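# Descriptive structure summary
Residue strings, one per chain:
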Amino acid sequence: MPRIFPRPALKKRENTFVIRQYGDGLTEGKHYLCPANELSRRNGVIQIHASRGSRLLQFIQCTEQNDQSVRDELLAGLSAAQAFTSPKYLYDALGSKLFEAICELPEYYPTRTEALIFKTHGRAIAQAIGSGTTLIDLGAGNCAKAARLFPALQPVQYVPVDISVSFLREALQRLQQQFPSIVMTGIGMDFSSELLLPDSVRDEKRLFFYPGSSIGNFTPEESLAFLQRIRAACDEAGGLLIGVDLVKDKAILDAAYDDALGVTAAFNLNLLRHMNHLVGTDFDVQGWRHRGFFNDKASRIEMHLEAASEQIVHWPQGERRFERGERIHTENSYKYTQRSFTDLLEQAGFRKLSFWTDPQQWFMVCHAHVN
Ligand code: AVI
C-alpha cells in the first residue's frame, strides 16, 4: 500500500499525480496526491503500488492526455483531401449525453436488442463463461451493462476501463456498495491503441467485455489488431464477450443513424463544437448538415458532416475552405454477418465460439475462448 497524503498535506507539484482511492478506512470521495516514487511506470502506464489482497475500490489513470497530440491529430484530419475525424471526438460531456439519448430512440435498435439477448440467454452465456473471472469492461461508461452480469457471473474482480477514471467514479462507488465481495479497479485508459493493464488487475481468467457493437467503429484492420491485443492480454482460461451489430435491411440501418427527432444529427454536429473547444477552430454549426447512411458495398454506416454552403474554417495558424456539399467523415459503424465476424475472431486466434442472437437476427452476442 502506498502512503497516500490527504489533499491539504501536499500541494500538487511536478512529479506528483492526483489519484483517487476509496475504501479500507480511507475517506470516501477525497482526492489524494501520490508522490511519484510511490507510483511506477511500465511502458507509460502509471501504477499505484497497492497490495493485491486488500479489498479496495481503486482508480488508476493510465493514459495521460496530451493536448498537443490531440490538436495534431484533429488538424491533420481536417486538412486531408477528404477531411475526417476519429469518432472518439464525438464524446465530450454533451456528446456522451446525446449518445445516451440515441440509445433510447425507437429507431436505434442495437441497445435494446442486445439487452434482450442478454435477458433471454443470460444463463447460457454465463454457463459458457463459467465463474471466477476477472471481468474487464472496455468502454464501461456507467457500468450498467456489466453490472447486470454480476449475479450470474460472480466475477472475482471487476475492472471497468474508460478514457477517464472520472467517468467511472460515481458508478463504481455505487456498485462497490451493492457488491462488496467483488474487488473493483477503475482504469482510465485509451484502450483503442494499447492494452497494458496495471499489475493490480488479476491475470487469471480475464474476460474482456466489449458490448454495444463498439467494435463496429473500428475499421476491420483496426478490429483485428484490437482483438489480437485482447487475446495477448489473456491467460489460457481467458476469453472475450462481445456485442456485434449484424447486416440488415438498409432502411432499418439508415433510420437508426438518421432518426426523425434529429438526436443523431445533434450528436454528429456537436463534434464541431467539441473541435472548436479542442483546437480553436471557428466552425459555425448552423452551416453544416448531418448525413448518416448505410454503404452496403463497404458494409458500414457512414456518418458525415456536410457543408450547407461554402464554409471557411479558421484555426490558429491555419484555415480551410469547404465547398457547398463537401463533407467531413466523422464515423464508420461496420456491420457484420456471423460468418464475417467468425473469420475475424479466428484470424485473431480465438477458438470455441458461441453465438446468441435475437429472433430477427439483428444483433449478436458472441463468446470466444483463447484456448
Ligand atoms: C458507440 N457506437 C457503437 C455507436 C454505433 O452505433 O456505431 C455510435 C453511434 N453513432 C451514431 N449513433 C450511434
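Everything below is about the structure shown above.
Because the structure is a prediction, the values reported are computed rather than measured.

## Concerning the overall build of the chain
Counting its regular elements, the chain contains 10 helices and 18 strands. Within the chain, buried positions represent 37% of all 371 residues. Once local pairs closer than 6 in sequence are excluded, the contacts in the chain between residues at least 24 apart make up 68%.

## Topic: the site of the ligand
Neighbouring residues of the ligand: Ile102, Pro110, Gly212, Ser213, Ser214, Gly216, Asn217, Tyr257, Thr264, Glu331 and Ser333. When the residues that make up the shell around the ligand are grouped by side-chain class, the tally is three nonpolar, seven polar and one charged. The two domains that each donate at least three residues to the shell around the ligand are domain 1 (73-103 + 255-334) and domain 2 (109-248 + 338-369).

## Digging into the packing of helix H1 (residues 67-79) against helix H9 (residues 263-279)
It is the contact of H1 with H9, at a shortest axis distance of 10 Å, that shows an interaxial angle of 130°. Classified by the angle between their axes, H1 and H9 sit oblique to one another. The interaxial crossing formed by H1 with H9 has left-handed handedness. Where H1 abuts H9, its residues Val70, Arg71, Leu74 and Leu75 lie against Met275, Leu278 and Val279.

## Regarding the pairing of strand E18 (residues 363-369)
With six of its seven residues buried, E18 lies for the most part within the structure. Inspection of the sheet shows strand E17 (residues 351-357) paired to E18 by five bridges, in the antiparallel sense. By the bridge assignment, Ser354 is partnered in E18 with His367. Adjacent in sequence and paired antiparallel, E17 and E18 are bridged by five residues, among which Gln361 carries a positive phi angle near 55°.

## Topic: the sheet that holds strand E12 (residues 288-295)
A sheet is described by the order of its strands in space; here three strands give the open sequence E12-E13-E16, paired in antiparallel fashion. Edge strands, defined here as strands with exactly one partner in the open sheet, are E12 and strand E16 (327-334). For this sheet, the mean inter-axis angle between neighbouring strands, taken without regard to orientation, is 20°. Its contacts with the sheet place H9 against E12, strand E13 (300-307) and E16, and it is angled at close to 120° to E12.

## Focus on the pairing of strand E11 (residues 239-245)
Of all seven residues that make up E11, seven are buried, and the element is covered over most of its length. Sheet topology note: the strand E10 (residues 206-210)/E11 ladder contains four bridges and is parallel. Each bridged residue has a counterpart across the sheet, and for Tyr210 the counterpart in E11 is Ile242. Assessed by its sense of winding, the connection that carries the chain from E10 through helix H7 (residues 220-232) to E11 is right-handed.

## Looking at the packing of helix H2 (residues 93-103) against H9
The packing of two helices is summarised by the inter-axis angle and the distance between the axes. Between H2 and H9, the least distance of the axes is 9 Å, while the angle of their chain directions is 170°. The angle between the axes of H2 and H9 places the two elements in the roughly antiparallel class. Between H2 and H9, the contacting residues are Leu94, Gly95, Leu98, Phe99, Ala101 and Ile102 on the first element and Val263, Thr264, Ala266, Phe267, Asn270 and His274 on the second. In terms of residue class, the contact of H2 with H9 is made up of eight nonpolar, four polar and no charged.

Reading guide: rules and limits
- Residues numbered from 1 in each chain as written.
- Predicted model: local features only at pLDDT ≥ 70, side-chain atom pairs only at ≥ 80, totals over all residues.
- Helix = DSSP H or I, 4+ residues; strand = E, 2+ residues; numbered from the N terminus.
- Buried ≥ 20, exposed ≤ 12 C-beta atoms within 10 Å, placed from the backbone.
- Contact = placed C-beta atoms within 7 Å.
- Near = placed C-beta within 6 Å.
- Nonpolar A, V, L, I, M, F, W, Y, C, P; charged D, E, K, R; others polar.
- Domains from an automatic or database assignment.
- Axes fitted to C-alpha atoms, helices over the stretch in contact; angles between N-to-C directions.
- Parallel < 35°, antiparallel > 145°, perpendicular 65-115°, else oblique.
- Left-handed = near helix turned anticlockwise from the far one by under 90°.
- Pairing = 2+ DSSP bridges.
- Right-handed = clockwise from strand over helix to strand, strands pointing away.

Everything listed here is a matter of coordinates, which is why it stays silent on function.
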